[in-house]
Amino acid sequence: MNRRHFLGHTAAFAAAPIVADEKQTRVIDCNLHLGRHPNRDLPQVDSAFLSKHHIDQAWAGSFEALLHRDIAAVNQRLAVACKHQPRLRPAGSIHLLLPAWKDDFNRCVDTHGMNILRLHPSHHGYTLDDPSFTQLLELASARQVLVQIVTQLEDQRTQHPLTQVAPVDLKPLTEIMKRVPSARVMLLNANAAMVTKTLQGSTNLWLDMAMIEGVGGVENLLKSWPTEKLCFGSHAPFFYWESSALKLQESVLTSEQLVAVQQGNAQALL
Amino acid sequence: MRIWDLHCHLSGVAGLTPEDRLSELLRYADRVGIERLCIYMGMKWAQDPTPDDLVKQNDEVLRALDKHSDRAFGFVYLSAKHIERSLSELERCVANGPMLGVKLWVAQHCNVPEIDPIIARAAELKAVIFQHTWFKTNGNYVGESTPDDLVALAKRFPKVPIICGHTGGTWELGLRAIRDQKNLFADLAGSDPTWGITEMAVRELGADRIIYGSDSGGRSFASQLAKVHGAQISEADKQKIFCDNLRGLMLPILEAKGIKA
Ligand SMILES: [Zn+2]
């Protein structure tokens, strides 16, 4: 693709957004969920979905992990779903308050061969200073597994009244990561206020861009956040996938930045 | 696809002056194919503005419009708590000025009878009327209207089109609330781009009652455009939502003022 080049040669406001441009660079999308959402009927992330959006690789968790207690079965179904669709990479979920959660870790890594794991601390009811979170980071770093933390799934103002959860408090994260310096963590759905306040200077910490908001939001974030630590994530199908794609069109980014965010940074992580 | 943005502000965007901020908004609007922006409210907001604050914020919008009259439309910011000043601002900015619409925010619930003279005069001037609404799971501000409040107001003015700002934010509720009140239009702006908002809006209201807006600079244009670009609806319906419905509401006042757009 050469989206910036294209725009430069197009009459300003007549420029049609090129979300589905055939020439669009293929992306690695680090932030998708499969399965049934608890209270919304969402499109399935299937082969047609991936092709339509030029997604080369999708890191997929499961909505079922939010409320199901038999999370081993959730991860099993996720692994099977991803086996049938090679562009999907499963991110199994660990629920750190369940008995024997370390067994789920072992099954995800050893049985299913997962190298990405996903945490939902808000839905599972713990904070990052819970000792089990540090234990998980130690296990993950020993097995070179990337840990994704879903910092929020939905605006608190629109949540279903029976499943209201606050965003994850990220304040303890910098200190905890210093104790496990080789652990690699990616925050999903963090907004700029959450990261710029507390996490500047953290190493081994990546973000996705699904909830980076504001006019020119990605461009603004990259004034204070390193480009090599930002990855494309759509939060689809909960969000319209086009939101993140259009953010890259809206922001003024160099072609190096674009490639890094769309693919390179995620590729380097695995 | 022709795109007009119903819902933009001079806050949350870089620039020391109102006109610089509008230039900045337009620079990004150009990158995503937006032709016109409706702007309202000034550089610094208050949930319950004083009469003087309304004037100051409207002055800032006028100043920005002065530089970009070819790309932006202004809505005058009013408050049902200050009727006298609101009516004089309506005369100053719309009847005798370049603005084309009215913005009402969160100072006072929009179902109070005190608001009626504002709506009546705005309708006489053919101004486009926009009322912010939310249904917040975690509680609205003291004076913040819900779509239910707006339905109560719209019933008193059944012939006056009114835009339901944010469609209540929690759109599954907002769309149901306004469905049967046919003079209400749904603004898609300013909530997360959760899948299904536009599909449900088309199903429940019909594509003729839905209007794209962003709520930029606090929001990206991108996330809000995605609600329409990404929706599983016809291209014809997308065109209505992106521009034609808003342009249709504006045509009477555009023509009255001799503006071609
Ligand atoms: Zn707004």
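As a further point, take the overall build of chain A. Assigned secondary structure in chain A consists of 11 helices and 8 strands. Over its C-alpha trace chain A gives a radius of gyration of 18 Å, about what one expects of a compact globule, namely 18 Å for 270 residues. The C-alpha extent of chain A, read off along each of the three principal axes, is 60 × 40 × 40 Å. Considering chain A as a whole, with its 270 residues, one finds that 60% of them fall into the buried category. Within chain A, contacts between residues at least 6 apart in sequence are counted, and of these 74% link residues at least 24 apart. Put simply, chain A shows about 10800 Å² of open surface, and 53% of that area lies on carbon and sulfur atoms. The distance from the centre of the 25 positive side-chain charges to the centre of the 25 negative ones in chain A is 1 Å.

The next subject is the confidence of the model for chain B. Of the residues in chain B, 100% have a pLDDT of 70 or more, and the chain-wide mean is 98. Scored by ipTM, the complex comes to 0.97, with pTM at 0.95.

Another aspect to go through is the pattern of salt bridges. Residue and element names in this part refer to chain B. Under the definition given, this model contains 29 salt bridges over all chains. A salt bridge links Arg121 to Glu124; the shortest N-O distance between them is 2.8 Å. On the criterion of helical spacing, the pair formed by Arg121 and Glu124 is a turn pair, its members being 3 residues apart in helix α4 (residues 116-124). Connected through shared salt-bridge partners, Arg179, Asp180, Arg203 and Glu204 make up one network.

Moving on: the layout of surface pockets. One simple way to see leftover space: roll a probe sized like a water molecule over the atoms. Residues and elements named next belong to chain A. Considered as a void within the structure, the largest pocket measures approximately 850 Å³ in volume. Taken together, the elements giving at least two residues each to the lining of the largest pocket come down to α8 (192-198) and α9 (217-221). Residues that form the lining of the largest pocket fall into these classes: 13 nonpolar, 15 polar and 10 charged.

Packing of helix α10 (residues 242-250) of chain A against helix α8 (residues 221-229) of chain B leaves a shortest axis separation of 8 Å and a crossing angle of 135 degrees. The angle between α10(A) and α8(B) places the two elements in the oblique class. Between α10(A) and α8(B) lies a crossing whose hand is right-handed. Within the contact between the two elements, α10(A) uses A:Glu242, A:Ser243, A:Leu246, A:Lys247 and A:Glu250 and α8(B) uses B:Phe221, B:Ala222, B:Ser223, B:Leu225, B:Ala226 and B:His229. A breakdown of the residues in the contact of α10(A) with α8(B) according to their chemical character gives 5 nonpolar, 3 polar and 3 charged.

A separate point is the packing of helix α2 (residues 51-67) of chain B against helix α3 (residues 83-95) of chain B. All names here are of chain B. The interhelical angle for the contact between α2 and α3, taken along N-to-C directions, is 15 degrees, at an axis separation of 10 Å. Considered as vectors, α2 and α3 are oriented roughly parallel to each other. The handedness of the crossing between α2 and α3 is right-handed. For the pair formed by α2 and α3, the contact residues are Pro51, Asp52, Leu54, Val55, Asn58, Asp59 and Leu62 on the first element and Arg85, Ser86, Glu89, Arg92 and Cys93 on the second. Considering only residue class, the contact of α2 with α3 consists of 5 nonpolar, 2 polar and 5 charged.

To continue, consider α8(B). Counting buried positions along α8(B) yields 9 of 9 residues, so the element is predominantly enclosed. The set of residues buried in α8(B) consists of B:Phe221, B:Ala222, B:Ser223, B:Gln224, B:Leu225, B:Ala226, B:Lys227, B:Val228 and B:His229. For α8(B), the elements touching its buried residues are α10 of chain A together with β1 (4-8), α1 (18-31), β2 (36-39), α7 (197-205) and α9 (235-256) of chain B.

The next subject is the nonpolar core. Counting residues in hydrophobic clusters, the biggest one holds 115 residues, and the most contacted among them are B:Leu37, B:Phe221 and B:Met250. The dominant element in this core, judged by the number of residues it contributes, is α9(B), at 8 residues. For B:Met250, the contacting residues outside a window of four places in its chain are B:Trp4, B:Cys38, B:Phe73, B:Phe75, B:Leu100 and B:Val128. Counting 61 residues, the second-largest nonpolar core is a separate cluster that includes A:Leu34, A:Phe49, A:Cys108 and A:Ile176.

About the thresholds
In this numbering scheme, every chain counts its residues from 1 along its sequence in written order. In the order they appear in the text, chains get letters beginning with A and ligands get numbers beginning with 1. pLDDT decides what is reported in this predicted model: residues at 70 or higher carry local features, side-chain atom pairs at 80 or more are listed and counted, and totals for whole chains, interfaces and linings draw on all residues regardless. Working from all heavy atoms in the structure, the side-chain values ignore hydrogens and water. Secondary structure elements are defined from DSSP: runs of H or I of at least 4 residues count as helices, runs of E of at least 2 residues count as strands, and each element is numbered from the N terminus. Every radius of gyration here is taken over C-alpha atoms, with the globule rule written as 2.2 Å times N^0.38, N being the number of residues. Partly exposed describes any residue whose relative accessible area lies between the buried limit of under 20% and the exposed limit of over 50%, with all areas from a 1.4 Å probe on protein chains only and scaled to the type maximum. What makes two residues a contact is simply this: any of their non-hydrogen atoms within 4.5 Å. Residue exposure ignores everything except the shown protein chains as possible cover, and the areas themselves are Shrake-Rupley values with a 1.4 Å probe. Charge counting treats Lys and Arg as positive and Asp and Glu as negative, with His and both chain ends excluded. For charged residues, the charge sits on one atom: NZ in Lys, CZ in Arg, CG in Asp, CD in Glu. Known as pLDDT, the predictor's per-residue confidence is scaled from 0 to 100. Each reported salt bridge corresponds to a side-chain nitrogen of Lys or Arg within 4 Å of a carboxyl oxygen of Asp or Glu. Whether a set of points on the 1 Å grid over the protein atoms alone is a cavity depends on a 1.4 Å probe fitting there but being unable to get out, while an open set qualifies as a pocket with protein on both sides within 12 Å along at least five of seven lines; lining residues are those with an atom within 4 Å of a point. Grid points are joined across faces, edges and corners, and a volume is the space filled by probe spheres set on the points. Three residue categories are used. Nonpolar comprises Ala, Val, Leu, Ile, Met, Phe, Trp, Tyr, Cys and Pro, charged comprises Asp, Glu, Lys and Arg, and polar comprises the others, including Gly. An axis is simply a line fitted to the C-alpha atoms; with a helix, the fit covers only the stretch in contact. Between two such axes, the angle follows the N-to-C directions and lies from 0 to 180 degrees. Each angle is binned into one of four classes, with values under 35 degrees roughly parallel, values over 145 roughly antiparallel, values of 65 to 115 roughly perpendicular, and all other values oblique. Crossing chirality is assigned from the near helix's rotation relative to the far helix, an anticlockwise turn below a right angle marking it left-handed and a clockwise turn marking it right-handed. Here, nonpolar core refers to any group of buried Ala, Val, Leu, Ile, Met, Phe, Trp, Tyr and Cys residues whose side-chain atoms link them within 4.5 Å.

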